Structure formats: C-alpha cells, structure tokens
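Each chain, letter by letter, is given below.
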Amino acid sequence: MLGYSTHKEVKIWVQTKNPSKVYAKYFISGNSEQSHVTREVNTEHHKGNVAHLIADVLEPGKTYEYIIYVNGKYQEPKSEQKFRAQPIWIGKPSGPPDIKFALGSCAFVNDPKYDTQAKPYGGEYFIYKSISAQKPDFMLWMGDNIYLREPDWESRTGFIYRYTEQRSLAELQPLLANVHHYAVWDDHDWGPNDGDGSFWMGATAEEIFKLFWANPNYSKKGIYGSFTWGDAQFFLMDDRSFRTANDNKTGPRSFFGEEQLDWLVNGLAFSKATFKFVVVGGQVLNPLSVFENYSTYAEEREKLLSKISKLKIKNLVFLTGDRHFTELSYIQEGFEYPVYDFTVSPLTSSTHPPITEKNPLRIEGTMVDDKRNFGTIEITGPLKQRSLVFRVFDSAGIELWSRDIKAK
C-alpha cells in the first residue's frame, strides 16, 4: 500500500505472510537503469509482519515505479505499482496542481467464521476497481475502515487479525498499490460499537492503527494529524480517544477534547491553503442530535463552530462518514463564508435506508441511501480562480450527482 506523499519522501507499506527481510527498489518511470532502494526492514510476527519503507531520494513532481523484494527475491507486481512525489508549485508560473482524491467510509469485509448477521453485511467489493478507474491522486478513508468483531477487540492478536483480513481482500490490492492513502478512524476501527475514551484496549487500537496506516504524522496521544496536497490542507481528526461515553451526561461532554480542539482551531487560523478539509468519522454540521452526530455533544460543537465563525475561515469543508448514507450539507447563516459537510458512506457495508431524518442543512438532491457509493473531489484552475467539484458514484462507477463551488 502507498502511504503519504511529500516533495521529498513517500512511504510504502508492506505486509508479508511470515517474518521476512523487505525492501523496495524505485525509479523514475521509464528509467529503470537509475534506481534507488529503501532501507531493508525486518518484518516481525508481533508487529503483524508489517514494514514501513521510506523512498527518500526523489525529485518533486516525478512519477516513480517501484518493486518489492522479500528475502532478496523479486515480487512480481500483480497490478501497476507507481507513486508520485508532490510537485513544487509555489512561485511557479504553472500555479497549484490539479487535485483529485477519492473518499469513503464503512468498509465491511465478510468473515463467516466470526459474523453473526443472518445474511452477509458486506458486498460489492468491485467498488474498489471503480475507485481505481477514477485515477485519484490519493484516497481518504473516513472511519469504519475495518469492522472489529467481539473476538477481535479483546486482544492485540485480534486487532492484527482483523486488519490483515481486510488488507488481504483481492479486489482492494490494485487500489492499495497505486494510490496514496490517508485515514482516520471511527468506532469500528477503535473497538466496540459506539466506543469512547473509556475503552480498555484504546492504547492497542491506537498502536495497531498507526502500524497499518501510513499517515505522515500523528499526535502523541490519539491519531490526529495534518497534511497538505497542493494548495489544500487536510486535518485528520480523532473522534474516539477523548470522547465522553454517549450515555454519560453527568458533566461536560467531550467529542474531540480540549487539546485536539485547540490544535484544530489554531491550524485553521494558521493555514494558508485555498481549501481546508477537516476529516471526521461522524457528521459535524447535521444539527439533529441522532446516533453519534457531533450535535449530541452540543456544547463542544457550538464552541468549534463559533470559533470558525469568529475567525472567518474561508473555503472550509468537513469530510465525514459513519451514517451508511451520503449527503452534502451546507450552512451560511452566522458565518462570513459558507461551510460544507460532505458525508460519504458506505463503501462495502450495507446501506441504511430509508433515511427519514430531515437534516435542514442537506442540499436537495444529494441524498444517497440505497446504494453503496464513494465520492471524489476535484480542485482545478489558477490559484486565484480555484474551483471544487463534489461527485458521488455508485459501486459500479456510475455518477449519481455532482455539485461545484468556487473558491472566490
């Protein structure tokens, strides 16, 4: 799997079946005679036989092919294996690059040995081929990227087993190998359904998440962090580590927690990005206090939105998952600039129709509650005239709707 990309380095994630020595050879596409190799890493059983390889001799903006070697043996690629170092654009006449990324949440892989549903809950895994066909620069996984079962979340072995099962899905391999990936989590990556900061295996959940995902940075506690791609900045949020239990209403209630919230607000205030994306496992703008929406933590939600309003943050988009349906929400009242919430769900889990809740911020015609689906976002145009297009596709890759906004 490709992890993060920067101007100077790219991370390649590899998992072997047994403890092994692993490295990658990489070269600018079409120029295999001038190649470089990553440092060789030993995979270990207690770390899921996972290796994080760093390609760190790169030319910004160039596309590279890469090959994996296990115990010195060449591994025949089963699909295209290419990555791209981000281009330098500031101060260049060409301006910022066009950006296209895919996003989705709720990816269930059936496992009859442990599943308890009357009928399979997951399906249509060919959705990953449809995502690959869009040729995104990268993909955002917005939570419930795996579904831990009860036998999984009680042990480190169980966590590693569940992640390995998901990564082993054949239909997923080409997408992993040829598109960069970033992730946040939600309750099913964390532990029990609707889990919170009291989860007794929280430290293990965090450790294994960081082992199996290759974001460029993580907080000391929790999984939140940030990255940039062109003139866009992404804030990857943690909605579990600092969360008050849903049923605990005896005092102040925490969703992100004070430290993470301050980090986000400072980051938004500092950011010079044209578009700012805040990636969260659950819906943020939807004002209905249902299920696990941020609105069920009304005081903290109001604090965040109030600060966004006072700071007059421009071109802010929340990217959210969890709900097993897709919709685009929008709010302008009380804000200098409009704020959006693009909810995309589910990828391979079952849908949750019919959706009868009346989200007053939903943009008409954007509800998808009867199909597995994924989204893309495209950012194009000169620096002072950037535009953004939201698109939603069904699992077969057929476009269901699109909406566009202008940075100005």
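Residues numbered from 1 in each chain as written. Predicted model: local features only at pLDDT ≥ 70, side-chain atom pairs only at ≥ 80, totals over all residues. Heavy atoms only, no water.

### What to know about the pattern of salt bridges
- What the rule picks out here adds up to 17 salt bridges.
- D111 is the salt-bridge partner of R162, the closest N and O atoms lying 3.0 Å from each other. Here R162, found in helix α2 (residues 156-167), pairs with D111, found in the loop between β10 (99-104) and α1 (127-133); they are 51 residues apart in sequence, far enough to count as distant.
- The residue E292 makes a salt bridge to R240 at a minimum N-O spacing of 2.7 Å. You can see E292 sitting in the loop between β15 (275-280) and α7 (298-311) and its partner R240 sitting in the loop between β14 (232-236) and α6 (258-270), a full 52 residues away along the chain. Taken as a pair, E292 and R240 share a single burial class, namely buried.
- Residues joined in a network through salt bridges with shared partners are D186, D239, R240, R243 and E292. (Salt bridge = Lys/Arg side-chain N within 4 Å of Asp/Glu carboxyl O. Helix = DSSP H or I, 4+ residues; strand = E, 2+ residues; numbered from the N terminus. Buried < 20%, exposed > 50% of the residue type's maximum accessible area, 1.4 Å probe, protein only.)

### Side note on the domain arrangement of the protein
- Split by domain assignment, the protein resolves into domain 1 (2-85) and domain 2 (99-406).
- When each unit is reduced to the centre of its C-alpha atoms, the spacing between domain 1 and domain 2 is 27 Å.
- At the junction of the two partners, domain 1 supplies 20 residues and domain 2 supplies 21 residues.
- Here domain 1 and domain 2 share an interface that buries about 1600 Å² over both sides, 53% of which is from carbon and sulfur atoms.
- Three residues, L2, Y4 and W13, lead the burial of domain 1 against domain 2; their summed loss comes to 32% of the area buried on that side.
- Applying the counting rule to domain 1 against domain 2 returns zero salt bridges.
- Seen at the junction of domain 1 and domain 2, the total is 13 residue pairs in polar contact (both at pLDDT 80 or more).
- Contributing elements (two or more residues each) for the side of domain 1 that touches domain 2: β1 (2-5), β2 (10-15), β6 (50-55) and β9 (82-84).
- Counted by class, the side of domain 1 that touches domain 2 contains seven nonpolar, eight polar and five charged residues. (Domains from an automatic or database assignment. Contact = heavy atoms within 4.5 Å. Buried area = accessible area lost by both parts, 1.4 Å probe. Polar contact = N/O pair within 3.5 Å; in protein donor to acceptor, adjacent residues only side chain to side chain. Nonpolar A, V, L, I, M, F, W, Y, C, P; charged D, E, K, R; others polar.)

### With respect to the UniProt feature "domain: DUF7800" (unreviewed entry) in the protein
- Under the local residue numbering, the UniProt record ascribes the feature "domain: DUF7800" (unreviewed entry) to residues 1-87.
- Helix makes up 0% of residues 1-87 and strand 48%. Its end C-alpha atoms lie 21 Å apart. (UniProt positions renumbered as here; feature names shortened; annotations may be inferred.)

### What to know about the nonpolar core
- The biggest cluster of nonpolar side chains holds 39 residues, and the ones touching the most others in it are Y128, I131, M139, W141, F159, F212 and L347.
- Among the secondary structure elements, those contributing two or more residues to this core are α1, β11 (138-142), α2, α3 (173-178) and α5 (202-212).
- Top contributing element to this core by residue count: α5, with five residues.
- Here F212 is in contact with M1, W13, Q15, V50, I160, Y163, T164 and R167, once residues within four sequence places are set aside.
- In terms of nonpolar packing, the next biggest core, distinct from the first, is built from 32 residues, V184, F227, L388 and A407 among them. (Core = buried A, V, L, I, M, F, W, Y, C linked by side-chain atoms within 4.5 Å.)

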